[in-house]
Amino acid sequence: MRTLAVLIVTLLVQSLTALPALAQDDILTIYSGRNESLVGPLLESFSDISGIEIEVLYGGTAGLASQIIEEGENSPADIFIAQDAGALGALAKEGLLAELPEDLLGLVSDPAFVSPDGLWLALSGRARVLVYGPDALEMAGLDLPESILDLTGEEWRGKVGWAPTNGSFQANITAMRQLLGDEATLAWMQDMIANDVQVYPKNTPIVQAVIDGEIAAGLVNHYYLFRFLAEDPSITAQLHFFPGGDPGALVNIAGAAIPLTSGQPEAAEALIRFMLGEVGQTWFTTKTYEYPVVADIPPSVQLKPLVEIETPDLDLSDIDDLQGTLDLIEESGALDQ
């Protein structure tokens with residue numbers, strides 16, 4: 001931890017000369033769908049370095065996206081930080097986002113992580129996975145599933161966890177709707193419920209339940225396990241990446257966009273550059289264990305390389321029908337468990 005702290009301080013000092021000199025009399029208003037514990041210190045560092053005063057409204061990604069839509073021309077948001085591409089796509093679809101500069105978009109190494117219209121970009125990458133306990137699978141005589149769709153099998157009854165109110169889960173459902181259609185996606189959710197899927201409020205308790213042997217496996221984002229491993233390297237839980245372009249192998253992003261109504265687009269752009277710079281990308285790889293989206297910044301843990309993940313054939317800009325997904329999840333009965 002001491003080495004990491006020294007690295008972060010060094011990078012922050014180097015960044016003092018990297019940010020533009022912006023004389024800001026107004027406050028930069030940030031709507032963040034990412035938890036304060038994940039981005040708060042990074043945002044404060046940006047403020048300290050740049051001298052730009054910030055005000056952050058934290059909340060669920062879907063809720064904040066809906067709030068921006070409802071606020072319309074009166075939205076005070078200068079920048080929106082989202083935990084998935086779906087919310088960014090929803091705002092783009094409503095015509096509420098400003099086009100980002102080409103040189104800013106070009107900082108992201110993978111074109112798949114940038115809006116085709118230049119309206120949003122990735123800050124970090126996150127893979128959907130099945131976290132599992134090897135011992136639990138062995139005791140139950142279970143093999144790792146080839147598809148997320150296999151989890152409705154009788155052999156998995158009561159052994160799988162999910163978090164239907166979680167934004168990343170909802171983005172995965174939106175992707176499944178694009179890939180399989182609403183009818184098949186609804187049937188899968190209802191079959192999971194009938195198979196006694198275990199419900200959790202978010203990803204962290206799912207991983208804890210796997211570690212404790214409460215369930216054999218759970219649908220989460222990849223990085224949650226590494227947070228546990230940082231505290232206890234002896235944990236034996238592992239990650240399974242669904243093969244063959246499966247709907248369960250979605251690689252989503254955490255990203256950012258600037259609303260058209262932003263009164264401080266230059267300051268907002270400076271914040272995005274900061275988060276895509278060495279300081280920001282090092283933060284995301286060492287603190288949240290996510291995939292970097294800028295070339296030459298390596299992951300800090302042993303992650304399966306993005307190029308080796310067999311992701312589904314899907315444009316992230318297409319997973320923008322958030323309301324349709326929320327309606328389908330409610331229809332399935334997943335929120336009544």
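Just above, that's the structure.
Residues numbered from 1 in each chain as written. Predicted model: local features only at pLDDT ≥ 70, side-chain atom pairs only at ≥ 80, totals over all residues. Heavy atoms only, no water.

**Student:** Explain the overall build of the protein chain here, please?
**Tutor:** The number of helices and strands found in the protein chain is 13 helices and 9 strands. Scaling as 2.2 N^0.38, a compact globule of 337 residues should have a C-alpha radius of gyration of about 20 Å, and the protein chain matches this with 20 Å. By principal-axis analysis of the C-alpha atoms, the protein chain measures approximately 65 × 45 × 30 Å. The 337 residues of the protein chain split such that 55% are buried. By sequence separation, contacts in the protein chain at least 24 residues apart represent 76% of the contacts at least 6 residues apart. Only carbon and sulfur atoms are counted for the fraction: they give 48% of the accessible area of the protein chain, which is about 14,400 Å². Once the 13 positive and 50 negative side-chain charges of the protein chain are each reduced to a mean point, those two points are 7 Å apart. (Helix = DSSP H or I, 4+ residues; strand = E, 2+ residues; numbered from the N terminus. Rg over C-alpha atoms; globule rule 2.2 N^0.38 Å. Buried < 20%, exposed > 50% of the residue type's maximum accessible area, 1.4 Å probe, protein only. Contact = heavy atoms within 4.5 Å. Areas by Shrake-Rupley, 256 points an atom, 1.4 Å probe, with all protein chains shown as cover. Lys, Arg positive; Asp, Glu negative; His and termini not counted. Charge placed at Lys NZ, Arg CZ, Asp CG, Glu CD.)

**Student:** Sorry, what's going on with the packing of helix α2 (residues 36-50) against helix α12 (residues 278-286) here?
**Tutor:** Axes are the key here: two packed helices are described by the angle between their axes and the distance separating the axes. Where α2 meets α12, the closest approach of the two axes is 11 Å, and the angle between their N-to-C directions is 160 degrees. As judged from the angle between their axes, α2 and α12 are roughly antiparallel. The two elements α2 and α12 cross, and the hand of that crossing is right-handed. Counting all contacts with α2, which are made through L38, V39, P41 and L42, the residues of α12 involved are V279, G280, W283 and F284. A class-by-class count of the residues in the contact of α2 with α12 yields 7 nonpolar, 1 polar and no charged. (Axes fitted to C-alpha atoms, helices over the stretch in contact; angles between N-to-C directions. Parallel < 35°, antiparallel > 145°, perpendicular 65-115°, else oblique. Left-handed = near helix turned anticlockwise from the far one by under 90°. Nonpolar A, V, L, I, M, F, W, Y, C, P; charged D, E, K, R; others polar.)

**Student:** I would appreciate a short explanation of the pattern of salt bridges in the present structure.
**Tutor:** Evaluation of the coordinates by the stated rule reveals 6 salt bridges. We note a salt bridge from R177 to D182, for which the minimum N-O separation is 2.8 Å. A relative accessible area of 12% places R177 in the buried class. A relative accessible area of 37% places D182 in the partly exposed class. (Salt bridge = Lys/Arg side-chain N within 4 Å of Asp/Glu carboxyl O.)

**Student:** It is not clear to me how the nonpolar core should be interpreted in this structure. Could you clarify?
**Tutor:** Nonpolar side chains in soluble globular proteins tend to end up buried together. Counting residues in each nonpolar core, the largest one holds 83 residues, and the members touching the most others are L28, F80, L121, V131, L271, M275 and L276. The element contributing the most residues to this core is helix α11 (residues 265-276), with 8 residues. Of the residues that make up this core, three or more belong to each of domain 1 (2-125 + 253-303) and domain 2 (126-250 + 322-336). Not counting residues up to four positions away in its chain, the partners in contact with L28 are F46, I52, E53, I54, E55, D78, Q264, A267, A268 and L271. Membership of the second largest hydrophobic core comes to 25 residues, among which are L142, M189, A216 and L219. (Core = buried A, V, L, I, M, F, W, Y, C linked by side-chain atoms within 4.5 Å. Domains from an automatic or database assignment.)

None of this, on its own, says anything about what the molecule does.
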